[in-house]
Amino acid sequence: MRKSIKTINKVFKLIFSISNVYALLTVISYIINSLMPAIFTYYFGKIIDTVYQAQNGILNRDLILRYALVLGIVYAINQVFQFINSISLNVGVFEKNNSILKFNITEKISKLNLLQFEDPTILTMKQKAEDCVNDEVVSMTFMITLQVIGSAITVISIILVLNKYSIWLTVLSFLSMLPYFISKILRGGAFYKLRNKQASDERELNYLWSLFTNKDSNKELRVFQSDKYIANLWTNLNKKLKEELWLWQKKDINSLFLCDILKIFGFTSAIGISIFLAVKEVISIGAVGACLIAFQNLQDSTKVFLEYIGVVPRYILLSENYFYFMNLKEEEYGINTIEHINTIDLSNVYFKYPLAKDYALKNINLNIEKNETIAIVGENGSGKTTLSKAILGFYPIEKGELLWNGEKITHYNQKNLMESIAIVSQNFTEYNMTVKENIGISNLEDIDNSYDMNSIIQELSIEEILNEKDGFNTLLGRKFGGTELSGGQWQRLAIARCLFKDGSLLLLDEPTSAIDPLSESEVLKKFLNMSKNKTSIIISHRIGICKFVDRIIVMKNGEIVEEGSHSQLIEKNGEYQKLYEAQSKWYCCN
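Now for a quick tour of the structure. (Residues numbered from 1 in each chain as written. Predicted model: local features only at pLDDT ≥ 70, side-chain atom pairs only at ≥ 80, totals over all residues. Heavy atoms only, no water.)

**Concerning the overall build of the chain**
Counting its secondary structure elements, the chain contains 17 helices and 10 strands. Expressed as a percentage of its 590 residues, the buried residues of the chain come to 45%. Counting only contacts in the chain whose residues sit at least 6 apart along the sequence, the fraction spanning at least 24 positions is 76%. Here the chain has roughly 30,500 Å² of accessible surface; of this, 57% comes from carbon and sulfur atoms. (Helix = DSSP H or I, 4+ residues; strand = E, 2+ residues; numbered from the N terminus. Buried < 20%, exposed > 50% of the residue type's maximum accessible area, 1.4 Å probe, protein only. Contact = heavy atoms within 4.5 Å. Areas by Shrake-Rupley, 256 points an atom, 1.4 Å probe, with all protein chains shown as cover.)

**So, the packing of aromatic side chains**
Tallied over the full model, the rule gives 11 aromatic pairs. Between Phe-12 and Phe-142, the aromatic rings sit 4.7 Å apart at their centres with planes inclined by 55°, giving tilted as the arrangement. Taken as a pair, Phe-12 in helix α1 (residues 2-18) and Phe-142 in helix α5 (residues 137-163) lie far apart in primary sequence, 130 residues in all. The exposure classification of Phe-12 matches that of Phe-142, with both residues buried. Seen from their ring centres, Tyr-350 and Tyr-359 are 5.3 Å apart, and the 70° between their planes marks the pair as edge-to-face. (Phe/Tyr/Trp six-rings, centres within 6.5 Å; stacked < 30°, edge-to-face > 60°.)

**Thoughts on a positive patch on the surface**
Together, Arg-2, Lys-3, Lys-6 and Lys-10 make up a region of like positive charge exposed at the surface. Among the structural elements, Arg-2 can be located in helix α1. (Patch = residues over 30% accessible without salt bridge, like charges linked within 9 Å, V, L, I, M, F, W, Y side chains within 5 Å. Salt bridge = Lys/Arg side-chain N within 4 Å of Asp/Glu carboxyl O. Lys, Arg positive; Asp, Glu negative; His and termini not counted. Charge placed at Lys NZ, Arg CZ, Asp CG, Glu CD.)

**Let's talk about the pairing of strand β7 (residues 505-509)**
By the criterion of burial, β7 is predominantly enclosed, with 5 of the 5 residues buried. Of the two faces of β7, the one lined by Leu-505, Leu-507 and Asp-509 and the one lined by Leu-506 and Leu-508 are each fully buried. The sheet contact formed by strand β6 (residues 421-424) and β7 spans 4 bridges and is parallel. Considered in β7, the bridge of Ile-423 is made with Leu-507. Relative to strand β8 (residues 535-540), β7 is paired through 5 bridges, and the arrangement is parallel. Across the sheet, residue Leu-505 finds its bridge partner in β8, namely Thr-535. (Pairing = 2+ DSSP bridges.)

**Here's the deal with the sheet that holds β8**
The strand order across the open sheet formed by 6 strands is β6-β7-β8-β3-β9-β10, and the pairing between neighbours is mixed. Two strands close off the open sheet at either side, each with one partner strand: β6 and β10 (559-564). The sheet shows a mean angle of 15° between the axes of neighbouring strands, direction not considered. Lying on the sheet, helix α10 (residues 384-391) is in contact with β3 (373-377), β7, β8 and β9 (551-556); it crosses β8 at an angle near 155°. The strands that helix α17 (residues 575-583) touches are β3, β9 and β10; relative to β9, the one it contacts most, it runs at about 95°. (Axes fitted to C-alpha atoms, helices over the stretch in contact; angles between N-to-C directions.)

**A look at the packing of α1 against helix α3 (residues 61-111)**
The N-to-C vectors of α1 and α3 enclose an angle of 95°; their axes lie 10 Å apart at closest approach. What the angle tells us is that α1 and α3 run roughly perpendicular. Across the interface between the two elements, Leu-14, Ile-15 and Ile-18 of α1 pack against Val-93, Lys-96, Asn-97, Ile-100 and Leu-101 of α3. Tallied by class, residues from the contact of α1 with α3 come to 6 nonpolar, 1 polar and 1 charged. (Parallel < 35°, antiparallel > 145°, perpendicular 65-115°, else oblique. Nonpolar A, V, L, I, M, F, W, Y, C, P; charged D, E, K, R; others polar.)

**Some thoughts on the packing of helix α13 (residues 450-459) against helix α14 (residues 487-501)**
The N-to-C vectors of α13 and α14 enclose an angle of 140°; their axes lie 10 Å apart at closest approach. As judged from the angle between their axes, α13 and α14 are oblique. Here α13 and α14 pass one another in a crossing that is right-handed. Every residue of α14 that contacts α13 at Asp-452, Met-453 and Ile-456 is listed here: Ala-496, Leu-499 and Phe-500. Taken together, the residues of the contact of α13 with α14 sort by class into 5 nonpolar, no polar and 1 charged. (Left-handed = near helix turned anticlockwise from the far one by under 90°.)

**A short note on the sheet that holds strand β5 (residues 407-408)**
What links the strands of a sheet is backbone hydrogen bonding, and the strands pair in either a parallel or an antiparallel sense. Here 4 strands make up an open sheet; going across it, the order is β2-β1-β4-β5 and the pairing antiparallel. Bordering the open sheet on either side are β2 (361-369) and β5, each of which pairs with just one other strand. Bridging between strand β1 (residues 343-351) and strand β4 (residues 399-404) involves 5 bridges; their strand directions are antiparallel. When the sheet's bridge partners are listed, Tyr-350 is paired in β4 with Lys-399. α10 rests against β1, β2 and β4 of the sheet, and its axis sits at about 60° to β2.

**With respect to α14**
Here α14 spans 22 Å end to end across 15 residues, near enough to the 21 Å set by a 1.5 Å rise per residue. With 13 of 15 residues buried, α14 lies mostly within the body of the structure. Directly beyond the C-terminal end of α14, a positive phi value near 65° is found at Asp-502. (Expected span 1.5 Å × (residues − 1).)

**What about the pattern of salt bridges?**
Throughout the structure, instances matching the rule amount to 9 salt bridges. With its nearest N and O atoms 3.1 Å apart, the salt bridge here joins Glu-130 to Lys-126. Within this pair, Glu-130 and its partner Lys-126 are both found in helix α4 (residues 120-134), separated by 4 residues, close to a single helical turn. Its relative accessible area of 23% is what places Glu-130 among the partly exposed residues. A salt bridge links Glu-563 to Arg-551; the shortest N-O distance between them is 2.3 Å. You can see Glu-563 sitting in strand β10 and its partner Arg-551 sitting in strand β9, a full 12 residues away along the chain. Glu-563 gets classed as partly exposed once you look at its relative accessible area, which sits at 32%. Ionic contacts of the salt-bridge type, sharing partners, join the residues Asp-201, Lys-240 and Glu-244 into one network.

Keep in mind these numbers describe shape, not what the thing actually does.
Written out as structure tokens, the structure is:
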């Protein structure tokens, strides 16, 4: 109970922090609207009694008009605040809150350590948090809690009216509504367990769907004629999830049907009791009408109260998914700043992926000097990319030490650190934006520097991506009707983006995998020429560029097995020699 109250408190604080005015208006409108049924019931009874007395010769026009005016005002206030509630809740709470929470999750993702996204548990937590936002669970928790509070106010205020006539009407109403409460408590807990169980399956379902929506995987599925196989996997998993949900809904419907039968019995009994009391002259004719309206309102409000209070635990549990994810430990960085990267040192570094038994990096000892150009080579799976992420501090090392300029990388301010780095990742992004945005997104402060942009484009020989009419405003990618580029052009554009940032450390991870070996050497030579006076790390399973770098690091099974220049490693006749001989035919003309 205490935990649930804490979660509700978090929800209200979050909603008020995002939209305090709209949230306050919503709360006020719920409270005022909750008092209206009791006020209306009371004065409705009064006006019936006054009219009945008039029929029996006792006419009091002023009193009739006064009661009628009060009823009119009550009705008008109710309508106004319903309108206010509709606007403030839908626009100010749901829509605004949903967009802010999506941004919060995106921002949180950017602050988490990349290693956490190698952990299936974290990925499931992320999926649950995203589902929480997409299903507007936090806003629903806020609204349902107000519904519970509002219906409780209505119930209490109507009880005061009913008790004026007979306490038995109140008792009977509660007894007829109690099954709703029990049913919703049990079904709400069952629903949460079901959704919790389905979270990992839904992540798999989304992945299978993404295979059809991604143009590259869709093309491959067609070629291999395996689209039906993936479609069957998606269909079977979707069917399983729907069947599980239907079984829950079926049980829920059955339990609510029984509750409605009891509700009808309670209302019928109340009619009988109120008529009996009127016959015995315990209550007036007006009280009979007020009694029946009060009882109807009490049943409806009690049902809402018990239904929602039974649903609240489910929404509280689902809301906690958002807060659990937002409370995940973020990357810890210090306050020190770095202007130039002079040295990077790795000493006896070990690294292991989450849930893995073996180390992905073992006993890594490496020193990188300022303005040095290094190539890290090795077969696929040798640990090259993992080493690069460890060097940049993206993956926290398990053993050993990583120092930048003699200080632990965690001592530096993260924003400042990222300003010093420019990368071309293995799976680089193809931005469906203009050429200017594609290149300038790496250095937004200098995005209008068309001179540097043009120089880089000319140097990398991708002038053809600019059309004569739009120039740097040429739209790229087919999503919005732009020009589609080849894989090699997109890759050169990614390298251009890296160079435009003008970072002191440049890291290229398989930067030319979409380019043929001969063109690769040409592009990388140009890159090396343009990145003079910078520290550059090139990761590749191809070795064509190795003749032109300062030092080569050879990886195998997560270890550095060789280190030196091209000529030195050829003389050793070891792992590098094997790689070189296997690929030499690609570079025979170079």
